[in-house]
Amino acid sequence: MELSLTQRIIKLNKSFILFHTHSATREAIEHAINSNKSMDLDVCVDESENPYLGHSKEYYEKSGETQPETMPFWDAIELVSKASIPVIVDCKHYEAWPVVEKVISQIGAHRCLVHSFSTELKFNYEHNDHDYITEWSPIKKLAEIKNKFPTATTTASCKFLPSDLLLFPKYNEMLTKIRKILKDNQIDTVCLNVPDNTISDRILDFFLVEKIIPHVGIDNIDTSKLSKLYVGETDNLESASSSKSLGYTQIKP
């Protein structure tokens, strides 16, 4: 049986850095594939439940960002499915889960890191971003994905946590609660969405003891201070890990 992304990371005791992008153009996807790196696909649906790559209409209205140019949805999925790189399948709308399942089936669960913002991990501390209602799903959706696709990697995101969460013991109870929710729902990795420069080996160990791997944005921190396992994220394709380092081999045409 194929090993999941997290199983490969744990087996090899090797952190892996994923490529993060909102611009899933043909050029960007082909570059990621040809570079043997990874790809980030934001899965959303419109009012008619037609899938597209990107965030929700609500997101662009509230954030003021311009919706980026992307490939036609199923053309992009077909292109990625013919490769062998790991893929972030990021559910950006609570009505997009049926599409997400089809995407996992086509790409291959062992290559998919399935992400969602989880309602149970929504807090009320640092509101440094808008609250996009359409992006929230109950964590059971990720548990259902894991049950249906055992080799998929599930990733839950927290939001609006205190920015100093990882610095003071006063938050230990909150961290313990978060970890329990993740463990109870078979979540493989977690995005805490707190300042990356507050991540330490102590916090990595806190989650790794339950075989939950934290995500770390690497672009603005000194990763040499981290000796424990993590899933890194970068906006620069050149900084992303090679998929070959975890044993993903290119499929021959």
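The sections below set out a description of the structure shown in this document.

Rules used throughout
- Residues numbered from 1 in each chain as written.
- Predicted model: local features only at pLDDT ≥ 70, side-chain atom pairs only at ≥ 80, totals over all residues.
- Heavy atoms only, no water.
- Phe/Tyr/Trp six-rings, centres within 6.5 Å; stacked < 30°, edge-to-face > 60°.
- Helix = DSSP H or I, 4+ residues; strand = E, 2+ residues; numbered from the N terminus.
- Buried < 20%, exposed > 50% of the residue type's maximum accessible area, 1.4 Å probe, protein only.
- Salt bridge = Lys/Arg side-chain N within 4 Å of Asp/Glu carboxyl O.

### With respect to the packing of aromatic side chains
Consideration 1: In this structure the tally under the stated criterion is five aromatic pairs.
Consideration 2: Aromatic pair Phe117 and Trp136: ring centres 5.6 Å apart, planes at 65 degrees, arrangement edge-to-face. A residue pair is termed long-range when its members are at least 10 positions apart, and Phe117 in strand S5 (residues 112-122) and Trp136 in strand S6 (residues 136-137) qualify at 19 residues.
Consideration 3: You can call Phe117 buried: its relative accessible area is 11%.
Consideration 4: Overall, Trp136 belongs to the buried group, its relative accessible area being 7%.
Consideration 5: Ring centres of Phe206 and Phe207 lie 5.1 Å apart, and the angle between their planes is 85 degrees; on these two criteria the pair is classed as edge-to-face. The same class applies to Phe206 and to Phe207, which are both buried.

### Focus on the pattern of salt bridges
Consideration 1: In the structure shown here, the tally under the stated rule is 15 salt bridges.
Consideration 2: Glu210 is the salt-bridge partner of Lys183, the closest N and O atoms lying 3.3 Å from each other. A residue pair is termed long-range when its members are at least 10 positions apart, and Lys183 in helix H7 (residues 172-184) and Glu210 in the loop between helix H8 (201-208) and strand S9 (213-217) qualify at 27 residues.
Consideration 3: We note a salt bridge from Lys228 to Asp205, for which the minimum N-O separation is 3.8 Å. Taken together, the positions of Lys228 in the loop between S9 and strand S10 (231-234) and Asp205 in helix H8 put the pair 23 residues apart, joining distant regions of the chain.
Consideration 4: In this structure Asp205 comes out as partly exposed when scored by relative accessible area, which is 37%.
Consideration 5: Shared partners join several salt bridges into a network, and the residues in it are Asp129, Glu135 and Lys159.

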